[in-house]
Amino acid sequence: MVKDTMDRHPKLKRGDSKIENIKLTNSDNSNVYHKAIEFEEQEALSRSGDGDYETFKQCCDKFREIIKSVGDIKSRSDGKQSDAVNSYRIDGSLLFVKMKKLNRLEKFRLNNARDKLYDTKREVDNLHLQWQNLLYETHHLKKEITKCLSFKSKDEHIELIPLDEFYKSAPQSISRPEITKKDRHQLRLARLEWELKQRKMLAETFHDLEKEKEQVALDIKKREDRIENLGPMIRNILTVTKPMQEHLSLPMPQIQVEPELAELLPHPLYFLSIQVDAMREACDSLLKIRIDGDKEAAARFNNNLSELTSFEESDSDEESQNHHHRRKTKKQIREEKKKKLLMKHPLTVNVQIFLKDKRSITIPFAYLINLRIVTVMPIVNIDSSLDGVCCRHLLEPRNILNGLFDQDYGSESPNAANNYQLQQLGLDFDIFSLGIPYAWAQKLCGLDFTRRTSNDNFIVDAKTNAAQRNLSITVAKIRRHFQTIVDLCDQLREIDKLRMPEKFRDVTSLPVKISCTLTKWSLLSWDQLNSYAHTKHLIPILNLSEYDCFFEAVFVRNGAKLVAVILLKPDYPDITPVFSLKIENSGVKLTAENDTNIKDMEKEVNLFVDELFDQLGKRKNWILTAQLYKLAVCFDIFLECTDSANFPREKLFLFNFRGRTRSLPFKFTKQGNEGLFVQR
């Protein structure tokens, strides 16, 4: 504004008083302009929009009439037209000014309405956002309430002492009956506090007893060492006083056999008989020992022992001995060498191990004098009820003690020198005629093939207690392994007849009813197992061999068939059976390689065995039947979920499929007296 004023008054200079007056005038004009604007805004808000609209229409009509009148005057040619036109121009200008004012008032009202609309929309948006926040908080609180209500605390699984006993045994500082009898939460906390205190006391008692046990074990060890050192002295005394005992007709010391036979035993078998008889008298009444064989043949054998163990004979010696006899052929000489190499001592030591139910296993120990190893051929003494192909296979002498220790199958001689001796004569070690040379049998007889003594003797020093420890550990393992095989045969006796054993129903918490039927149970050979495509990948993973047991089970339900290959290691039940599955339904063959549900079924049977062990309790040897039963239930669930049109639902579950993996409800959850199947 100042610049415009200076342009209009070029004679005014900067700093003149007139310029200051102009500035004041411009400031007054600005205030007037703002006051006029405020006045029009107030007027626009106070006036009615409809009334202004009618006024605007009237102004337009009048303006239209003025334009028409001016046009008429312009069309006439009289001289009075200029005064009339000027009059109409003034009226039209006033009308135009009035219409501009009405337009400004309308603009004010429009802007004011827009501002109110914006404010109202903003308030609505704020209210909507608050409403959304409240909804989110409400949903979050509901979820938290649901989590709290469904939370299962670990203390719910703790078996606390009864309430009456708690108030009697717990001190007043913990029980606080004046509070706990009114408040269940405080009562629970008090009972848990008392349980924790009792467990700490029991833990301290346990540690004290452990220390006492260690001390007692040390005392026992010292006494055993003393008794062990007395053993050779007592044997020497008995040997020296033997003539006096015979003269006085005193009873000779026996090891449950005639002393003459014991004296004729070879060193390894004599060592075994002494240890077994000592263990029988000391701590194991279910252990028996007997020496079998011809006494006279054993005496002759021991007298000619040097000749029987010699293999170096020349042809000239043979001719000089009997020159009038025909000379032996090389074949005959070779056969004699074979016979001499594989010669057994006439006496054997039979160790009989009994179970609590009077069933027993007899282990004859034989000594091959030239191979210098001990072999066994176990014999089971059980009733004839355990019959069937599978039971006979497990109870065979070749299989009954397989894998008693890790990788000890007795397939080859533990004495490395035997391999060269047998190769020279073109022989193989025949376990069916010679017996099974288990490594544990060599240790029980005091044989150690890891080192040689100065006199080329493999007998371990009897003063060490290694043989005693080996004997007690081995007998316990044999008894446990034999009990496991007997329990396994009890199961297979029923399964061979295509029916589930009844004993398992007493301990399982799964539904007893299964809809599928066991139609086949057979024993598989090593070659048959290798022919199955869906089990080949398990052979290197499980380190399977021909010494393991393999079975095939077939379950059928309305045309659908489940083929299960069961892989059983000798360490059963420490190593649980492994199941490989294949399902055929409506012409489609499914395995774990092409169907995730089959893989989940294999996981349920093979991996989640701890749940079955918890149900079995002490009857862990029945895990095979438990897994078979679980497999049959899973097969029913698989059919009822994946093909519900042909297999109506008989099991109780909430969802057929659930989760991103679309898993099936294989897990059984017990709720009260009943239960249902859920997804893991």
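Keep in mind it's a predicted model, so treat the numbers as computed, not measured.

The helix and strand inventory of the protein chain stands at 25 helices and 12 strands. For the protein chain, buried positions account for 37% of its 680 residues. Of the roughly 43,100 Å² that the protein chain leaves accessible, carbon and sulfur atoms contribute 53%.

Further remarks concern the environment of Ser663. The topology assignment puts Ser663 in the loop between helix H25 (623–642) and strand S11 (667–671). Separated by 16 residues in the primary sequence, Ser663 and Gln679 place their C-alpha atoms 6.4 Å from one another. The contacts of Ser663, once residues within four sequence positions are left out, are Asp600, Asn656, Phe657, Arg658 and Gln679.

Further remarks concern the pattern of salt bridges. Opposite charge on two side chains lets them pair, provided their charged atoms get close. Evaluated as defined, the whole model comprises 26 salt bridges. With a shortest N-O distance of 3.1 Å, Glu106 and Arg109 are connected by a salt bridge. Of this pair, Glu106 and Arg109 both sit in helix H4 (residues 81–150), separated by 3 residues, roughly a single helical turn. The exposure class of Glu106 is partly exposed, given its relative accessible area of 40%. Connected through salt bridges with shared partners, the residues Arg557, Asp636, Glu640, Glu650 and Lys651 form a single ionic network.

The next point concerns the confidence of the model for the protein chain. Across the protein chain, the average pLDDT comes to 81, with 84% of residues at or above 70. Here residues 253–257 is a poorly scored stretch, pLDDT under 50, and it has 19 contacts once near neighbours within four places are set aside; other chains count. Across residues 453–465 the pLDDT falls below 50, and counting only partners more than four positions away or on other chains, this stretch makes 24 contacts in the model.

Here is what the cut-offs are and how they apply
Residues numbered from 1 in each chain as written. Predicted model: local features only at pLDDT ≥ 70, side-chain atom pairs only at ≥ 80, totals over all residues. Heavy atoms only, no water. Helix = DSSP H or I, 4+ residues; strand = E, 2+ residues; numbered from the N terminus. Buried < 20%, exposed > 50% of the residue type's maximum accessible area, 1.4 Å probe, protein only. Areas by Shrake-Rupley, 256 points an atom, 1.4 Å probe, with all protein chains shown as cover. Contact = heavy atoms within 4.5 Å. Salt bridge = Lys/Arg side-chain N within 4 Å of Asp/Glu carboxyl O. pLDDT = per-residue confidence, 0-100.

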